[in-house]
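Take a look at the letters that make up each chain.
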Amino acid sequence: MASLFEFSLTLRSASPRLVLYRQLAVESLSSYPLSDDINIVSGGVNETNKGMALMNPKSCGGNCCWVDTGGALFFDVAEFQQWLKGPSDLTGDSFHQPELYEFDHVHFDSIIGSPVVILYGALGTDCFREFHVALAEAAKKGKVKYVVRPVLPSGCESKISHCATVGASDPVNLGGYGVELALKNMEYKAMDDTAIKKGVTLEDPHTEDLSQEVRGFIFSRLLERKPELTSEIMGFRDYLMSSTVSDTLEVWELKDLGHQTAQRIVHASDPLQSMQEINQNFPSVVSSLSRMKLNDSIKDEIIANQRMIPPGKSLMALNGALIDIEDIDLFLLIDLVHQELSLADQYLKLKIPLGIVRKLLSTLPSTESNTFRLDFRSDHVHYLNNLEVDPMYKRWRSNINEILMPVFPGQLRYIRKNLFHAVFVLDPGSICGLETIDMIISSYENNLPMRFGVILFSTKFIKMIEMNGGEIPSASVDNSNHIGEDISSLIIRLFIYVKEHYGNQMAFQFLSNINKLRTESADPAEDTPEMHHVEGAFVETLLPKAKSPPQDTLLKLEKEHTFDEQSQESSMFVFKLGIAKRRCCLLMNGLVFDANEEALLNAMNDELPRIQEQVYYGQINSHTDVLDKFLSESGVPRYNPQIVVDGKVKPKFLSLSTAILGKDSVLDGVSYFHSPETIDDVKPVTHLLAIDITSRKGIKLFCEGIRYLMQGSKSARVGMLFNADKDVNFRSLLFMKISEVAASSYSHKKKVLDFLDQLGTFYEHECMLSSSLVAESSQAFIDKVCDLADTNGLPSKGFKAALSEFSVDEFRGHLNKVAQFLSRQLGIESGINAVITNGRVIHLDGSTFLSHDLHLLESVEFKHRIKHIFEVIGEANWEDIDPDMLTSKFISDMVMFVSSSIAMRERSSEGARFEILSAKYSAVVLNNENSSINIDAVIDPLSPSGQKLSSLLRVLWKYIQPSMRLVLNPLSSLVDLPLKNYYRYVVPTMDDFSSNDYSVHGPKAFFANMPLSKTLTMNLDVPEPWLVEPVIAVHDLDNILLENLGDVRTLQAVFELEALVLTGHCSEKGEPPRGLQLILGSKSRPHLVDTIVMANLGYWQMKVSPGVWYLQLAPGRSSELYVWKGDNESQGISSSKRITINDLRGKLVHLEVAKKKGKEHEKLLVSSDEDGHSQDKKQGNSWNSNIWKWASGFIGGSDSSKTSGSTSTEHGNGVRHGKTINIFSIASGHLYERFLKIMILSVLKNTHRPVKFWFIKNYLSPQFKDVIPHMAQEYGFQYELITYKWPTWLHKQKEKQRIIWAYKILFLDVIFPISLEKVIFVDADQVVRADMGELYDMDIRGRPLAYTPFCDNNRDMDGYRFWRQGFWKEHLRGRPYHISALYVVDLVKFRQTAAGDNLRVFYENLSKDPNSLSNLDQDLPNYAQHTVPIFSLPQEWLWCESWCGNATKARAKTIDLCNNPMTKEPKLQGARRIVSEWVDLDYEARSFTAKILGEEIDPKEQVVSPQKQNSANESPSEDIESKAEL
């Protein structure tokens, strides 16, 4: 644990929490109108990251700490103490108490209900110490609830030791990410020819590791021997280095490469290091690997294992639980390991043997199905049919194996066996009940292969049962009067009569007739059935068959209350099942569903595979009673949605083992009650009842708990945790004391439960109901207790003695301790009624909780959570425990502690059977008997996930030495090199911290010995929630060619974590509310960022930094129609959702919304043809006008000269007027940024209206981002930098070029602010010759997209026009194939028609095939144009030499530098040749850039000759860029 703690500090795991505290400190300071001389500087997200200036403490009297009471700020301890001495009832003050969060540090002496006081300051400062002493003292006295939030305001660094200020002002270096240098294919010479800047010398002394062997030479030795030949030796080394780098191998060399790699790793002295060195420097080691002699036993074992696991698949499990390899990062892994280690630590402190601890940590929850079936078997079920005996089914086949036969989709299997029991629980006096009856009968008549049944109940009668404390009301209440009202009970009685005399069919017909008569009367939708409907239906049903007049029978039945008892018992049965609240529901073989036709078929389809599986394995045969089998295996006696939760709601747990390990824990004093004669048995299930004895509900819970034990439970015990308000009366204190005495001294007595039951009933009637409580009555109460004790054979003397020594203050102190425990653990103030079952918490807010619910809770929790833990603890050999201590209570306590804490862990419940794979020759096995962590993994060492995993496993081995069993699983037959990159995973170490001074030199990725003559491109592999950007990079990170860097062959790049991504899914009744707009902000500024919900999985994302944020529905249509589910839907007031970001792992938030009352049928997206489009536009601008003003780079960079709605902009030759034209582009690498500046200049020189450019931020170099603000100012345009994180669920592209193409088309609906209505995409390498206003205003006939079709007048290129033949010709059906270099997007139409969602669906389906979408940004919209229609722009809007020919060049409005697949001419050469004005524009752009960056420019710089370009290292293989924009 200690080494892990040290590591998590170097990993900066706590830094985000400190940033969050800073945000809260800023809000604390800015929420009060302080005097003028106090200057508060608050910062937005970006300032936060860069060391936010909080405030100037000198102006606060030089103080670095302050206390926030919610009503005032105190910078001085004396003033604060004066405030404390003020009016004693601080809570009653008019001010609002500061809000507390789950991560806050609350002083342990604080008493619940005291006013909250927050100290902001830094440990180590004098003012913090003074405040802390005063606050701790006040907390002990119960005056305040003391909370501390550590912050170091700017200017206070001098008042604190240097160690404490590290990271307070400078940016913090992070680890936990990967960097790759990928070998780049250079078929098209897309490199900038601007003079290469000289490399920078790094501070790092070990620039190149010369001790590494290169082709058999160790150069450090050679240099030692021949120092005078240094330059020649190093030149020779460079030559060898370049020649060893392979990006291609012959097919025969590739054949066994995976097996050779496995052999090299397994035979290494340090296998983990060997694996890391191989897969992180693969291009340099591959040639030596491929020449290695292979050992057949390794190859055979790998091939044998691959019969059980697919080749190349990687899996990893931590203590038995699978980890998602795609999603894992260092932060998540360390959290998971920490969770396991802290549990192991707790269990060892509880004296559990290490072997058992390891077993406990690696047990997965029971694999039994998580489905709960309600056991409804009883006489109260009335079946309509029986498939096995009814004559109407006799022609069906009876062979159960027919269920395994394939059928067409939607076709049913007709088998003469009761496999599906559809039993409906309904009130026949309700509309819902009668409509369900009609559905049953029609399904039955349509020969649905199910057995239909009903259980009938009366809602009114169940209400009476509830009022009568869960008993059937006695006959005196049950007068004829109420029967007259309760129509449901009458229907049930008549139904039973018809069934007994005339059979099931007639009885169901009777119910159906009621509905028929009801619907024929006035307004069927509103009216429940009335008396005359029931009587009429009864007569109508019996008339054809009756021997005597049905009217007489009816009168007789009404008078004599025949079948009254059955009717009441039927309702009682439903009450006990717990499903009366659902009004009408369906039990499909005991699974609970809604009662409607769709649910019926879905329920059948859900159940089918379960039955098929059991038939297949022979667990169900022709003689099995399926219902009995299912209900005996997984039946529960009662349905309670609080206990049996569906997958959406996570049960709440609390760890009781952490509670018991604290000093003088509340749990130490709890004594337990047991069912009669089971006191010496081990009880795996423990119910702790938290009871507020001053409430009716509390005393009811007490009585139900006692009755639960009286009914008998062999495996559970019950403990009481009493809590009460401060002003609890004396009698209640006596009652609690008596029950505690009974539990501690007399729980072994036979009739102690009867005594407590009678006591509870007496207390409820006497004390709860009588309001005047006089002191004398307490003596009467004690006498009554003694009488009850004597009656039940308990010694009344014992109670008298205990009560005579009873100290009220002491007992109140104990109550306060319990209340504190409950509030700390459950986060609830006093007056709690809750049940805690082995750590699972169920709050009882409004629902009745019966003894039946405790039985249900016991069976559910035991089966799914406790049973396997109980079995493991049962195997323990308790050597370190005194034999006298080994009581049944000790074991019961252990099971309770372990099962409660183990439920707290957040980890996958899935495991894998790693033991079936052989690990003799091809696996790395590292054993550590003393470790409580065990790692099982299957790894393909030559895969991207293998590159990351090898580093993660080395970190774990270094810090915690777990046991590891790593089975290597490389691909067996390779056709291409599996890895074409160098990779480094950045892990912080203590070596990053200087031993001489306070400087920190890392962590960083360091690449030595890279090939000089290969072009490399750099990519980052960061945790999913991170958004990073380069902030220092002199060189082009897209095209790194080390041989061009001169003597100092080093380059350096620094990236910054710009923001984290908050993602989520939103649904409305299971469907995504497409187009719903969400806004996020702080309390004072609720709208800082916004987004819309996609139709794809209801996905949404926003950029955030660590802090406390509030998510709301955006003003306008979204908040007019919707509220958060659970908010008051009828009043339609929507609150905000609080979201806390306090780590570097982002957050995934699931939201549910509901339509407001009366708006259920309104649409969220109103199409422009309907009204409201114009209003939408206005409204869009109004609520979006402040978007992103507040933080630089927060989805858009505000380091731009932008004002969203401006209509005039100054520029070089005057002022631009009119509506702004929005142009969007994307560039990566210095060459394309050079083109981009030329494109900007060409647009501005030909366009007269204001222009705003939108650039995708992800791939821009730091230089471009430095130059663009100056350029915007000089040339008079606005710009904004935008970004969007690739969603995890969307198929990811691996190559950078393809990712860039994807950004051009996949996220158009979500990447721009909602207020933007139209945008034009212009390729970076385009030159514009026309006024873009003309294109911006063009009518594109209501289509979301407008592209230019490929022109066809250059006949030389006919052989390359693939869209004229084969697949494309057939797919397009006469539509044109368009070029993607220029297009217009009508964003309003695009969002309304869900064009973005449709394009993503097409992309997801096509992109998994590596041969499709070879030219992604162009193929996708062309393929989808049947669904997402494209308007074809006039041909002159895009001319490119490759396809158009020179005849039309004069009319061209834009010229694009398309790649020419025939000549493969380098871009720069083509630009200068094709576009006459290009050279001048280029010179202007380069001169401006040089001026800003303070560099010189050579005016005579000429194009590099084609020969020289071609001599660069070429690769013959076809590059995907070859088809780029064709």
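The rules behind these values
- Residues numbered from 1 in each chain as written.
- Predicted model: local features only at pLDDT ≥ 70, side-chain atom pairs only at ≥ 80, totals over all residues.
- Heavy atoms only, no water.
- Buried < 20%, exposed > 50% of the residue type's maximum accessible area, 1.4 Å probe, protein only.
- Helix = DSSP H or I, 4+ residues; strand = E, 2+ residues; numbered from the N terminus.
- Pairing = 2+ DSSP bridges.
- Patch = residues over 30% accessible without salt bridge, like charges linked within 9 Å, V, L, I, M, F, W, Y side chains within 5 Å.
- Areas by Shrake-Rupley, 256 points an atom, 1.4 Å probe, with all protein chains shown as cover.
- Salt bridge = Lys/Arg side-chain N within 4 Å of Asp/Glu carboxyl O.
- Core = buried A, V, L, I, M, F, W, Y, C linked by side-chain atoms within 4.5 Å.
- Contact = heavy atoms within 4.5 Å.
- pLDDT = per-residue confidence, 0-100.
- Disulfide = S-S within 2.5 Å.
- Polar contact = N/O pair within 3.5 Å; in protein donor to acceptor, adjacent residues only side chain to side chain.
- Axes fitted to C-alpha atoms, helices over the stretch in contact; angles between N-to-C directions.
- Parallel < 35°, antiparallel > 145°, perpendicular 65-115°, else oblique.
- Nonpolar A, V, L, I, M, F, W, Y, C, P; charged D, E, K, R; others polar.
- Phe/Tyr/Trp six-rings, centres within 6.5 Å; stacked < 30°, edge-to-face > 60°.
- Lys NZ or Arg CZ within 6 Å of the ring centre and 35° of its normal.
- Arc of directions from axis to C-beta.
- Lys, Arg positive; Asp, Glu negative; His and termini not counted.
- Charge placed at Lys NZ, Arg CZ, Asp CG, Glu CD.

> Explain the pairing of strand β15 (residues 585–588) to me, using residue names and the numbers behind them.
Every second residue of β15 is oriented toward a common face, with C585 and L587 on one face and L586 and M588 on the other, all of them buried. Looking at chain direction, β15 and strand β16 (residues 591–594) are connected through four bridges and run antiparallel. Across the sheet, the residue bridging to L586 is F593, located in β16. Linking two consecutive strands that pair antiparallel, namely β15 and β16, is a turn of two residues; a positive phi of about 50 degrees is found at N589 within it.

> Outline a nonpolar patch on the surface, supporting the account with residue identities and numerical values.
Together, F217, F236 and Y239 line one region of the surface with nonpolar side chains, adding up to about 320 Å² of accessible area. With respect to the helices, strands and loops of the structure, F217 is situated in strand β8 (residues 217–218).

> Summarise the nonpolar core; cite the residues concerned and give the values.
In this structure, Y347, I352, L360, F376, F702 and F755 are the most contacted members of the largest nonpolar core, which totals 126 residues. Looking at which element gives the most residues to this core, the answer is helix α28 (residues 730–746), with nine residues. Beyond its immediate sequence surroundings of up to four residues, F376 is in contact with V381, Y383, V423, I455, F573, L577, L587, N589, G590, L627 and L631. If you look at the next biggest cluster of nonpolar residues, it comprises 98 residues, including L11, M275, A1033 and L1057.

> So what's going on with the confidence of the model for the chain? Which residues, and what values?
Taken as a whole, the chain shows an average pLDDT of 81; of its residues, 86% reach a score of 70 or greater. In the model, residues 476–484 has pLDDT below 50 throughout and makes nine contacts with residues more than four positions away in sequence or in other chains.

> Lay out unusual backbone geometry with the relevant residues and their values.
Located in the positive-phi region is E677, a residue other than glycine, with phi close to 65 degrees. Note that E677 resides in the loop between β19 (672–674) and β20 (685–692). If you check the backbone angles, L1097 has positive phi at about 60 degrees while not being a glycine. Mapped onto the elements of the fold, L1097 is located in the loop between β32 (1089–1092) and β33 (1099–1104).

> Give a description of the state of the cysteines that names residues and reports values.
On inspection of all chains with the given rule, the structure shows four disulfides. A disulfide bridge connects C64 with C156, and the sulfur atoms are separated by 2.0 Å. One disulfide, between C64 and C156, carries an S-S torsion of -100 degrees and so falls in the left-handed class. Of this pair, C64 sits in the loop between α3 (45–49) and β1 (66–68) while C156 sits in the loop between β5 (145–150) and α6 (162–165), and the two are 92 residues apart along the sequence. Comparing C64 with C156 shows no difference in burial state: the two are buried. With a sulfur-sulfur separation of 2.0 Å, C65 is cross-linked through a disulfide to C127. With the S-S bond torsion at 60 degrees, the cross-link from C65 to C127 turns out right-handed. You can see C65 sitting in the loop between α3 and β1 and its partner C127 sitting in helix α5 (residues 126–140), a full 62 residues away along the chain. Accessibility assignment for this pair places C65 and C127 in one class, buried. By sequence order of its bonded cysteines, the chain has the disulfide arrangement 1-4, 2-3, 5-6, 7-8.

> Lay out the pattern of salt bridges with the relevant residues and their values.
Under the defined criterion, the tally for this structure stands at 52 salt bridges. The residue D256 makes a salt bridge to K255 at a minimum N-O spacing of 3.4 Å. Of the residues examined, D256 reaches a relative accessible area of 15% and is grouped as buried. On the basis of relative accessible area, K255 is assigned to the partly exposed category, the value being 47%. Here R1400 and D1397 are joined by a salt bridge, their closest N and O atoms 2.9 Å apart. Of this pair, R1400 and D1397 both sit in helix α45 (residues 1395–1407), three residues apart, which is roughly one turn of the helix. By the burial criterion, R1400 is buried, and D1397 matches it. Each of the salt bridges in this network shares a partner with another, and the network as a whole consists of E1029, E1058, K1103, K1257 and K1265.

> Go over the side chain of N969 with me, naming the residues and quoting the values.
Mapped onto the elements of the fold, N969 is located in the loop between β26 (963–968) and β27 (981–986). Classification of N969 by relative accessible area gives buried; the value is 2%. Among the polar contacts made by the side chain of N969, one reaches the main-chain carbonyl oxygen of P310 at a distance of 2.9 Å. Setting aside residues up to four positions removed in sequence, N969 forms contacts with Q306, I309, P310, P311, G312, K313, V938, I939, D940 and P941.

> Run through the packing of helix α24 (residues 597–616) against helix α25 (residues 626–634), naming residues and quoting values.
Where α24 contacts α25, the axes come no closer than 13 Å and their chain directions differ by 95 degrees. Considering their axes alone, α24 and α25 lie roughly perpendicular with respect to each other. For the pair α24 and α25, the contacting residues are E607, I611 and Q614 in the first and K629, F630 and E633 in the second. The residue makeup of the contact of α24 with α25, split by class, is two nonpolar, one polar and three charged.

> Can you explain the packing of aromatic side chains? Please cite residues and give values.
All chains considered together, the criterion is met by 56 aromatic pairs. Relative to F1307, the ring of W1286 has its centre 5.6 Å away and its plane inclined at 85 degrees; by these criteria the two rings are edge-to-face. Of this pair, W1286 sits in the loop between β42 (1278–1282) and α40 (1296–1305) while F1307 sits in the loop between α40 and α41 (1308–1311), placing them 21 residues apart in sequence. Owing to a relative accessible area of 0%, F1307 belongs among the buried residues under this scheme. Three or more aromatic residues joined by ring pairs make a cluster, and in this case those are F1350, F1362, F1367, W1368, Y1377, F1402, Y1423 and W1443. For K784, the ring lying beneath its charged end belongs to F762, and the centroid distance is 5.4 Å.

> Before we move on, could you go through the sheet that holds β32 and cite the residues and values that matter?
Strands pair in a sheet through their backbones, by hydrogen bonds, and they do so in one of two ways: parallel or antiparallel. Spatially, the four strands line up as an open sheet ordered β32-β31-β34-β36, and their pairing is antiparallel. Sheet topology places β32 and β36 (1137–1141) at the edges, where each strand pairs with a single neighbour. Averaged over all adjacent pairs, the angle separating strand axes in this sheet is 25 degrees, with direction ignored. Against the sheet, helix α2 (residues 15–30) contacts β34 (1107–1113) and β36, and its axis sits at roughly 70 degrees relative to β34.

> Let's hear about the sheet that holds strand β45 (residues 1345–1349): which residues, and what values?
The mixed open sheet is built from seven strands, whose spatial order is β42-β41-β40-β43-β46-β45-β47. Either end of the sheet is taken by a strand with one partner, and the two such strands are β42 and β47 (1430–1432). In this sheet, adjacent strand axes meet at a mean angle of 30 degrees when their direction is disregarded. In the sheet, strand β40 (residues 1221–1225) pairs with strand β41 (residues 1251–1256) via five bridges, with the strands oriented parallel. From the neighbouring strand, N1222 faces β41, where its bridge partner is K1252. Here helix α39 (residues 1262–1275) sits on the sheet and contacts β41 and β42; the angle it forms with β42, its principal contact strand, is near 155 degrees. Taken strand by strand, helix α46 (residues 1416–1423) contacts β45, β46 (1378–1386) and β47, and its axis lies near 65 degrees from that of β46.

> So what about helix α17 (residues 459–467)? Which residues, and what values?
Residues F461, I462 and I465 constitute the buried set of α17. Taken around the axis of α17, the buried residues stretch over an arc of 100 degrees, which confines them to a single face. Opposite the packed face of α17, turned more than 90 degrees from it, sit the exposed residues K463 and M467.

> Lay out a positive patch on the surface in plain terms, naming residues and giving numbers.
A cluster of like positive charges, contributed by R1341, R1343, R1373 and R1375, occupies part of the molecular surface. Relative to the helices and strands, R1375 is located in the loop between α43 (1366–1372) and β46.

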